[in-house]
Structure formats: structure tokens, C-alpha cells
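Remarks on the overall topology
For reference, the chains in residue letters:
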Amino acid sequence: MKPAASEVPVTPARPSRTDAEKAVETLIRWAGDDPGREGLKDTPERVVRSYEEFFAGYALDPVEILSRTFEETDGYDEIVLLKDIDFESHCEHHMVPIIGRAHVAYLPKRRVVGISKLARVVEAYAKRLQIQEKMTAQIANTIQEVLEPRGVAVVVEAEHQCMTTRGVHKSGVGMVTSRMLGAFRNNPDTRREFLSLVGRPGSH
């Protein structure tokens, strides 16, 4: 049964750049400063340009990024790993930075993908408002869906400034999340090999 027209969610129209700059001016005034003073008069424009970089992932399609694959692998069926992929994201609860690195691996079945594409998938999901757990799952699930490998493994390590610069103010604390699919979940030896390769031999 189709929902009534009144029940269909309506996506709000995207505000204009002018709207966004005015919102920054409002925040400056709310903080207690004057957006018209010399040092701040260009800040709204700069902030909006920065946000275009911070949240560029919304314009990227991770499925499309992985769509060009190669089947001439000479039967290669061992782990393909790209480690230490630096990323910057933003916490969706406080809109402050999450800074870390990701390790991404898969066990090819028929196809492989250019390694730069793995880094671009990380970037596509990182440059959105995020929580680390969701981002880790999104990266792994998309690789599994598009490449259909025998398994996918993703480990993400990051520091969250919503914890280090506000709230409990605990600096130097890192968060680790992982997502194991296929052989990496079902085969302990394969999982241990991956974790050893990314420098976490004591993990289980």
C-alpha cells in the first residue's frame, strides 16, 4: 500500500550560499562578537568555502568510484590491503573534527580495483557528517556490494575533538572500530593475517 501524499517525506530545499553566510554571521553574533569588524568581515565567506571542502563527500558516489574494475589478475586471490589512509571527518553531533586513518583490505574473487579507489571511498564517506562506527560499516559494505570479493576488512583509528577539546577534555584518546565481512569474519587465520599486516597483532 502506497503512503498517502501527506506521509511522503519532503527533502528541504538546500539553502543558498548567501543563506549559509548569514548563518555564520548569526553564530558570530551569538558568540558575542561583531561580524562587521575588520578581522571578521570575510569570515562567513571563508567558513562556507571551508565547509565545501569539509563536506565534499556528499557530492561523491562511492559505488561509482569502485565501478571500474580489472579482471586480468593472473589468478591472484590473496589479501589486497591499503593501510594508513589519512582522513578528516566531522562528528555529526557537535560538528567538530574527527582525525584518523583507515586500513582497508579485501580478498578478490574475480575482480580487483585500482588502489587509489579504496582511498577515494574512504574520502567519500569521511567528508560527511559522521560517526566512526557508521563510516567503518559504510566503507566495508560498499566494497562488498560492488566488488563481491571473498571478504572485506576495515579498521578505522581516530581521535575525536568532541572528546578532546570539549566535554570530558581527554586528549590522546583514540577510538578503534572494525568491520569484518566474509572470510575475514569467518576465518580466524585470515583475520589474524590482516590484523598483523595493519600492526594490530594482539587484536581478535
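Scroll up to find the structure.
Residues numbered from 1 in each chain as written. Predicted model: local features only at pLDDT ≥ 70, side-chain atom pairs only at ≥ 80, totals over all residues. Heavy atoms only, no water.

1. Describing the environment of Leu197
As for its placement among the helices and strands, Leu197 is situated in helix α8 (residues 188-197). Among the residues examined, Leu197 registers a relative accessible area of 39% and is labelled partly exposed. Along the chain, Leu197 and Lys83 lie 114 residues apart, while their C-alpha atoms are 8.6 Å from each other. Setting aside its immediate chain neighbours within four residues, Leu197 contacts Ile79, Leu81 and Lys83. (Helix = DSSP H or I, 4+ residues; strand = E, 2+ residues; numbered from the N terminus. Buried < 20%, exposed > 50% of the residue type's maximum accessible area, 1.4 Å probe, protein only. Contact = heavy atoms within 4.5 Å.)

2. Quick notes on the pairing of strand β3 (residues 97-107)
The buried count for β3 comes to eight of 11 residues, which makes it a mostly enclosed element. By the bridge criterion, nine bridges tie strand β2 (residues 80-91) to β3 in an arrangement that is antiparallel. Residue pairing across strands places Leu81 opposite Ala105, the latter belonging to β3. In this antiparallel pair of consecutive strands, β2 and β3, the connection spans five residues, and Met95 shows a positive phi of 60 degrees. In this sheet, strand β6 (residues 151-160) lies alongside β3 in antiparallel orientation, the contact comprising 10 bridges. Of the residues in β6, the one forming a bridge with Arg101 is Glu157. (Pairing = 2+ DSSP bridges.)

3. Here we look at the packing of aromatic side chains
This structure, assessed with the given rule, holds four aromatic pairs. Each ring, one from Tyr51 and one from Phe55, has its centre 5.2 Å from the other, and the planes form 85 degrees; the classification is edge-to-face. Judged by its relative accessible area of 36%, Tyr51 falls in the partly exposed class. On the accessibility criterion, Phe55 (14% relative accessible area) is buried. A ring pair is formed by Phe184 and Phe194, whose centres lie 5.7 Å apart and whose planes are at 70 degrees; its orientation type is edge-to-face. With Phe184 in helix α7 (residues 183-186) and Phe194 in helix α8, the pair connects residues that are 10 residues apart, well separated along the chain. The class of Phe184 is buried, set by a relative accessible area of 0%. With relative accessibility at 0%, the residue Phe194 sits in the buried group. Members of the aromatic cluster, connected to one another through ring pairs, are Tyr51, Phe54 and Phe55. (Phe/Tyr/Trp six-rings, centres within 6.5 Å; stacked < 30°, edge-to-face > 60°.)

4. Observations regarding the sheet that holds strand β7 (residues 175-182)
Read from one edge to the other, the open sheet built from five strands follows the order β5-β2-β3-β6-β7, with strand pairing classed as mixed. Both outer strands of the open sheet, β5 (129-130) and β7, are each paired with one neighbouring strand and no more. In this fold helix α5 (residues 132-147) packs onto β2, β3, β5, β6 and β7, with an angle of close to 25 degrees to the strand it touches most, β7. (Axes fitted to C-alpha atoms, helices over the stretch in contact; angles between N-to-C directions.)

5. Description of unusual backbone geometry
You will see that Met95, though not glycine, has its phi angle at about 60 degrees, which is positive. You will see that Glu148, though not glycine, has its phi angle at about 50 degrees, which is positive. Note that Glu148 resides in the loop between α5 and β6. Given a relative accessible area of 39%, Glu148 falls into the partly exposed group.

6. Notes on the layout of surface pockets
In this structure, the largest pocket occupies an estimated 620 Å³ of space. Along the walls of the largest pocket sit 20 residues, with Arg14, Ala20, Val48, Tyr51 and Phe55 positioned nearest its centre. Elements supplying a minimum of two residues to the lining of the largest pocket: α1 (17-31) and α2 (43-54). Broken down by element, the lining of the largest pocket gets its largest block of residues, six residues, from α1. (1 Å grid on protein atoms, 1.4 Å probe; cavity = no way out; pocket = protein on both sides within 12 Å on 5 of 7 lines; lining within 4 Å. Points joined across faces, edges and corners; volume = space filled by probe spheres on them.)

7. Notes on α8
All buried positions along α8 are accounted for by Thr190, Arg191, Phe194 and Leu195. Down the axis of α8, the buried set is contained in an arc of 130 degrees. They therefore lie on one face. Looking at the packing, one finds that the buried side of α8 touches β2, β3, β6, β7 and α7. For α8, the capping residue at the N-terminal end is Asn187, with a side-chain oxygen 2.9 Å from the backbone nitrogen of Asp189. Phi turns positive one or two residues past the end of α8, at Gly199, with a value near 85 degrees. (Arc of directions from axis to C-beta. Polar contact = N/O pair within 3.5 Å; in protein donor to acceptor, adjacent residues only side chain to side chain.)

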